[in-house]
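# Report on the structure
One letter stands for each residue in the lines below.
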Amino acid sequence: MRKLYVRIYFAVLASLAVFALAAGLLWRAFGEEGPWSRAYEVAATLAQNALPPPSAPKAEQQAALERLAANLRADIALFAPDRSPLAAVGAPLPAPEAGRERGGWIHRWGGPAWVMRLPDGRWLEARASRGHRYAPYGLFLALALLALAVGVGAYPVVRRLTSRLERLQAGVESLGAGELSARVRVEGRDEVARLAESFNRAAGRIEELVGAHKTLLANASHELRTPLARIRMAVELMKERADPVRKAGLGQDIAELDALIDEILLASRLDAVKEPDTGEEVDLLALIAEECARYEDTQLDGEPVTVRGDPRLLRRMIRNLLENAKRHGAPPIQVRLSRTGGSAELAVCDRGPGVPETERERVFDPFYRRAGTREIAGAGLGLALVRQIARRHGGEARCAPQSGCFIVVLPATARS
């Protein structure tokens, strides 16, 4: 797509071209064929009155032409109505072309000349001598230089205007990418400056609303822990008096609610803090082995790879991947860790039905559940946290095309 400044710049140049064309047409209309044509007729009549009649001898016409051309410093030629030469002063001039019926400019290699048709039918042609000749091409050259100067001068003006629009576009894209602190510099006092001010106000309002939402979510999750603890204590005090089945179900509900609050708090903290809390080197293979030991039917295959990041968050990421495979897949769970170039690639696969192609991105959305999985435990934050933690460490998480396989790629430290 053509840049806006290029379109504006070409519009300026096109306007100059149209102006030059209109100026030429006006000059032709009002110069050669307009009110000036009356002045040319007067000049032709005066020249005829100063010259002898067409029937006079050529010597007489030559003498009269020399008197007329005195002090003019021009080449002048007189031609009969049939365009045959009658007299000439200075350098010879060619006769007017056969198809011409009226006076005007004649452009030839020898230089431009002006020809007038006298009332008696004769032709009088004049051209400035070589030392005093005026070439109308100089006018076109001057116009070309003027257009070039305007074009060169208009480019930085147009570019400055569109560069402000490009910076505004970059700010909008940054805001859309999640950088809520994105702002643009306000320059000038025109419509673009007012647009930048409106964008900054809108971005500030959005940042305030999102910040308030995150704070409310974190505070609400934190406050839920107090009544949750009281419920757990009440269940313990019930002891033998409660129905064992109902008590077990209530205990499971409390455990799920506790896990949900923990995941919400972690998601809120990851949104609020952009950089990892720690940057220590972590043996990713050892961390995976510790988590795999907590699950049955889990097979681990890999090579030692060291990454830099927060071990608690990385452990949580691995645990969520294993828990997702256990809940939604089928054993055995296969875990592979490999080094690919400067990256560590972690793959967690199972023998389950896999994820349809249309849902491979949606499964990473918070609280998203696939159709038919409502009865499975979990709040739908596990994979969302996996992607958040991976991106927080400079990596990415994705659902592989093969069934039941999730891949996380993290930057690996150099081998020692």
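As shown above, the structure is provided for reference.
Residues numbered from 1 in each chain as written. Predicted model: local features only at pLDDT ≥ 70, side-chain atom pairs only at ≥ 80, totals over all residues. Heavy atoms only, no water.

Before going further, it helps to examine the state of the cysteines. Within this structure, the stated rule accounts for one disulfide. With its sulfur 2.1 Å from that of its partner, cysteine 349 forms a disulfide with cysteine 405. One end of the pair, cysteine 349, is in strand β10 (residues 343–349); the other, cysteine 405, is in strand β12 (residues 405–411), with 56 residues separating them in the sequence. Neither cysteine 349 nor cysteine 405 differs from the other in exposure class; each is buried. There is no disulfide at cysteine 399, and the cysteine sulfur nearest it, in cysteine 405, is 8.0 Å away. (Disulfide = S-S within 2.5 Å. Helix = DSSP H or I, 4+ residues; strand = E, 2+ residues; numbered from the N terminus. Buried < 20%, exposed > 50% of the residue type's maximum accessible area, 1.4 Å probe, protein only.)

Each α-helix winds once per 3.6 residues, and so residues spaced three or four apart point in a common direction. Of the residues making up helix α7 (residues 284–292), those classed as buried are Leu284, Leu285, Leu287, Ile288, Glu291 and Cys292. Mapping the buried residues of α7 onto a view down its axis gives an arc of 160 degrees, with all of them on the same face. Between a side-chain oxygen at the N-terminus of α7 and the backbone nitrogen of leucine 285 the separation is 3.3 Å; the capping residue is aspartate 283. (Arc of directions from axis to C-beta. Polar contact = N/O pair within 3.5 Å; in protein donor to acceptor, adjacent residues only side chain to side chain.)

Here the focus is the sheet that holds β12. As summarised here, the arrangement of the five strands in space is β7-β9-β10-β12-β11, forming an open sheet in which the pairing is mixed. Two strands in the sheet have a free side with no partner beyond their single neighbour: β7 (298–302) and β11 (396–399). Ignoring strand direction, the axes of neighbouring strands in this sheet form an average angle of 15 degrees. As paired strands, β10 and β12 are joined by seven bridges and run antiparallel to one another. Looking at the pairing, alanine 344 lines up with leucine 410 of β12. Most of the contacts of helix α9 (residues 382–392) go to β11, to which it runs at about 145 degrees, and overall it touches β11 and β12. (Pairing = 2+ DSSP bridges. Axes fitted to C-alpha atoms, helices over the stretch in contact; angles between N-to-C directions. Contact = heavy atoms within 4.5 Å.)

Right, let's talk about a nonpolar patch on the surface for a bit. Judged by side-chain polarity, Leu141, Leu145, Leu148 and Val152 come together as a nonpolar surface patch covering roughly 410 Å² of accessible area. When you line up the elements, leucine 148 lands in helix α4 (residues 137–176). With a relative accessible area of 54%, leucine 148 lands in the exposed category. (Patch = residues over 30% accessible without salt bridge, like charges linked within 9 Å, V, L, I, M, F, W, Y side chains within 5 Å. Areas by Shrake-Rupley, 256 points an atom, 1.4 Å probe, with all protein chains shown as cover. Salt bridge = Lys/Arg side-chain N within 4 Å of Asp/Glu carboxyl O.)

We now examine the environment of valine 386. Positionally, valine 386 belongs in helix α9. Distance from valine 386 to glutamate 396, taken between C-alpha atoms, is 9.0 Å for residues 10 residues apart in sequence. Not counting the four nearest positions on each side in its chain, valine 386 is found in contact with Met317, Asn320, Leu321, Ala397 and Val408.

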